[in-house]
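Residue strings, one per chain:
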Amino acid sequence: MQKSTEADDLPKDFLLFYQQFHTDSSYQMAHIQWPLKGEKADRTVEGGSKKVLATWEPQDWVLLHLPDMSDAGLKRSYETISDVMVIERLHYPMVNFGLERQFYKDDQDQWQLIFYSEMGELR
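Notes on the structure follow. (Residues numbered from 1 in each chain as written. Predicted model: local features only at pLDDT ≥ 70, side-chain atom pairs only at ≥ 80, totals over all residues. Heavy atoms only, no water.)

## A word on the pairing of strand E5 (residues 85-92)
Link 1 in the chain: Inspection of the sheet shows strand E4 (residues 75-81) paired to E5 by seven bridges, in the antiparallel sense. Bridge pairing in E5 places Lys75 opposite His91.
Link 2 in the chain: Hairpin connection from E4 to E5: three residues lie between these consecutive antiparallel strands, with Ser82 at a positive phi of about 55 degrees.
Link 3 in the chain: Across eight bridges, E5 lies against strand E6 (residues 97-105) in antiparallel orientation. Residue pairing across strands places Ile87 opposite Gln102, the latter belonging to E6. (Pairing = 2+ DSSP bridges. Helix = DSSP H or I, 4+ residues; strand = E, 2+ residues; numbered from the N terminus.)

## Focus: the nonpolar core
Link 1 in the chain: Counting residues in hydrophobic clusters, the biggest one holds 18 residues, and the most contacted among them are Phe14, Phe17, Phe21, Leu36, Trp61, Phe103 and Leu113.
Link 2 in the chain: Where this core is concerned, the elements lending two or more residues are helix H1 (12-23), strand E2 (32-43), strand E3 (49-56) and strand E7 (111-121).
Link 3 in the chain: Broken down by element, the residue count for this core peaks at four residues, all from H1.
Link 4 in the chain: When neighbours within four sequence positions are excluded, Trp61 is seen to be in contact with Gln28, Met29, Ile32, Trp34, Leu36, Trp56, Leu113 and Tyr116. (Core = buried A, V, L, I, M, F, W, Y, C linked by side-chain atoms within 4.5 Å. Buried < 20%, exposed > 50% of the residue type's maximum accessible area, 1.4 Å probe, protein only. Contact = heavy atoms within 4.5 Å.)

## Quick look at unusual backbone geometry
Link 1 in the chain: That bond from Trp34 to Pro35 is cis: its omega, -10 degrees, falls within 30 degrees of zero.
Link 2 in the chain: With respect to the helices, strands and loops of the structure, Pro35 is situated in strand E2.
Link 3 in the chain: Despite not being glycine, Ser82 shows a phi value in the positive range, around 55 degrees.
Link 4 in the chain: Relative to the assigned elements, Ser82 resides in the loop between E4 and E5.
Link 5 in the chain: Given the relative accessible area of 49%, Ser82 is considered partly exposed.

## Regarding the packing of aromatic side chains
Link 1 in the chain: Counted under the stated rule, the structure contains 14 aromatic pairs.
Link 2 in the chain: With centroids separated by 5.7 Å and ring planes inclined at 75 degrees, the aromatic side chains of Phe17 and Phe103 adopt a geometry described as edge-to-face. Of this pair, Phe17 sits in helix H1 while Phe103 sits in strand E6; the two residues are 86 residues apart in sequence, bridging distant segments of the chain. In this pair, the class of Phe17 matches that of Phe103, namely buried.
Link 3 in the chain: By way of ring pairs, the aromatic residues Phe14, Phe17, Tyr18, Phe21, Tyr27, Phe103 and Trp111 are connected into one cluster. (Phe/Tyr/Trp six-rings, centres within 6.5 Å; stacked < 30°, edge-to-face > 60°.)

Encoded structure:
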């Protein structure tokens, strides 16, 4: 079952995971499904960008930090699928830029980042 949700409606263990994931580098690295699949922003000849498929390995990873939600133009939305998957989208609607992250709760009851689409022009 899919639904859009507010942060208050997310699974409680996800909120604890989310905080630690963004503040503890060792924890973050241990809670990413390697190689991490996703999309990177690739510059076009015309000067714009497009998203292309990508994978990250631990040695290539740049640690993620808590998003700065004080920027009035940045919007965040969540989509939950049952109680085992959370899709987070951060975007700037005025310029059509954004990113997406997908988190999944594995068989050991641990949240993992399983997909990352870095900041870029949205389709």
